[in-house]
Structure formats: C-alpha cells, structure tokens
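Next come the chains, spelled out residue by residue.
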Amino acid sequence: MASIIRGDDNFDTAATGVLLSTSVATTSGTSIDFTGIPVGVKRLTVVFSAVGTSGTSHMVLRIGDSTISTSGYDAQGGYLTTAGSNITSTTSFPFYSDNASWVLNGSIVFNLVSGNTWSASYSLGGGTAVVSSGVSMFGGGTKTLSSALSKLRLTTINGSQAFNAGSVNVSWEF
C-alpha cells in the first residue's frame, strides 16, 4: 500500500493558538498520514480542498496513539440529496463518498472530551461534479484511545483506492 507520511513538522508544544501543519497534496498514494501531533492538543481540525479518489470506496479518517486504530469507533456519516444515504462504522470515521467524480471540501473537527476520548463532527460538500446536485456530507462520532492522540490517517474503507485530486491539511489547538 502506497502512503504519504507527514511527520517532519517541528511544532512548539508550548505555543498557544492554532498551529498549522504543511498542506499535503492528495494526488497520489492510498493513504495520507499526519504524525507527530503533540501531547496536550485539545482540538484537531482536518481541512479538505477538492480531495478525490480514483474509485468508489468511501473515504475514512482514523486516529491513533502509538498505532493507527482500526476498531472501537462509534461513528456515522451520510449525505443529503433527494435520496440521501448513510454509512455507520466501528473501524473509522466514514465520509459517504462512493462516487469517483466527487471531490470533497470542508473540515472534520476533533474535540477532546476527557482523558483520551475524542468526539468528531464533520461537514463536507462536493466540488465540481457534486455542487449541481446539491450534495452535502455530514457525520460525527467518538473514539477512545489508549493514550494521547499523536497521529491520523486519511484513506478509504478498502485501503486500495488512490487519491487523485486536491490537498489536505491539519491544524491543532492546545
């Protein structure tokens, strides 16, 4: 599985305010990893700009501490049109994105509830192919980690669809 790993950012963990990572192109690879998220983060925001894949497997976001977690999620994502649909997941935070022509714009915000429990909410909209049909994607969920969140991965449910458009970035607050 081809991956893009983003872990070379050097963040000052004593800083206050919003810290922004470096944007990563989502034009190749089957997963995008952001690592080195500092201990003490209270809010994490993942921002999408025209992110697309080559196939119809739903995009998902997974978080982790020492490893990326693939179980224990309580999450659901869906979309609204005249015939909306949804997807539930215990393995990730899913985005209903099963159309290869859809590109996603928007953000996913993770807030620390307490300890190592995170709550996510997301609102994404389609780009060029989706706007005319009025599709809006949404979702939310929770996940408890064993220790402090330090990484996240953007991929697809089957893990084999290649990214082919856009960029993604991450910011965090203490």
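Quick caveat, the model's predicted, so the values are computed rather than measured. (Residues numbered from 1 in each chain as written. Predicted model: local features only at pLDDT ≥ 70, side-chain atom pairs only at ≥ 80, totals over all residues. Heavy atoms only, no water.)

S.K.: Mind laying out the overall build of the protein, listing which residues take part and the relevant values?
M.R.: Looking only at helices and strands, the protein has 1 helix and 14 strands in total. The proportion of buried residues among the 174 residues of the protein is 47%. Within the protein, contacts between residues at least 6 apart in sequence are counted, and of these 73% link residues at least 24 apart. Accessible area for the protein stands at about 7,500 Å²; split by element, carbon and sulfur atoms hold 50% of it. (Helix = DSSP H or I, 4+ residues; strand = E, 2+ residues; numbered from the N terminus. Buried < 20%, exposed > 50% of the residue type's maximum accessible area, 1.4 Å probe, protein only. Contact = heavy atoms within 4.5 Å. Areas by Shrake-Rupley, 256 points an atom, 1.4 Å probe, with all protein chains shown as cover.)

S.K.: An account of the environment of S21 is requested, with residue identities and associated values reported.
M.R.: Topologically, S21 is positioned in the loop between β2 (18–20) and β3 (24–25). Judged by its relative accessible area of 6%, S21 falls in the buried class. The spatial distance from the C-alpha of S21 to the C-alpha of N169 is 6.4 Å, given a sequence separation of 148 residues.

S.K.: For the nonpolar core, give the residues involved together with the corresponding values.
M.R.: Counting 34 residues, the largest nonpolar core has F95 and F110 as the members making the most contacts within it. The contacts of F110, once residues within four sequence positions are left out, are K42, R43, L44, V46, L61, I63, F93, W118, S119 and A120. (Core = buried A, V, L, I, M, F, W, Y, C linked by side-chain atoms within 4.5 Å.)

S.K.: Explain the pairing of strand β12 (residues 136–144) to me, and be specific about the residues and the numbers.
M.R.: Side-chain alternation along β12 places M137, G139, G141 and K143 on a buried face and S136, F138, G140, T142 and T144 on a face that remains uncovered. Bridge analysis of strand β11 (residues 117–126) against β12 gives 9 bridges, and the strand direction is antiparallel. In the sheet register, L124 faces β12, and the bridge partner there is M137. (Pairing = 2+ DSSP bridges.)

S.K.: Would you mind going over the packing of aromatic side chains in detail, with residue names and values included?
M.R.: A complete count under the given rule lists 0 aromatic pairs for this structure. One residue, K143, lies across the ring of Y73, its end atom 5.2 Å from the ring centre. (Phe/Tyr/Trp six-rings, centres within 6.5 Å; stacked < 30°, edge-to-face > 60°. Lys NZ or Arg CZ within 6 Å of the ring centre and 35° of its normal.)

S.K.: I'd like a rundown of the confidence of the model for the protein, residues and numbers included.
M.R.: Looking at the protein, pLDDT values average 80 and 76% of them are 70 or higher. Per-residue pLDDT stays below 50 along residues 1–14; that stretch engages in 31 contacts with residues further than four places along the chain or on separate chains. (pLDDT = per-residue confidence, 0-100.)

S.K.: Which residues make up the environment of A120, and what are the values?
M.R.: With respect to the helices and strands, the residue A120 is situated in strand β11. Separated by 45 residues in sequence, A120 and A75 place their C-alpha atoms 8.5 Å apart. Not counting residues up to four positions away in its chain, the partners in contact with A120 are F93, V109, F110, G139, G140 and G141.

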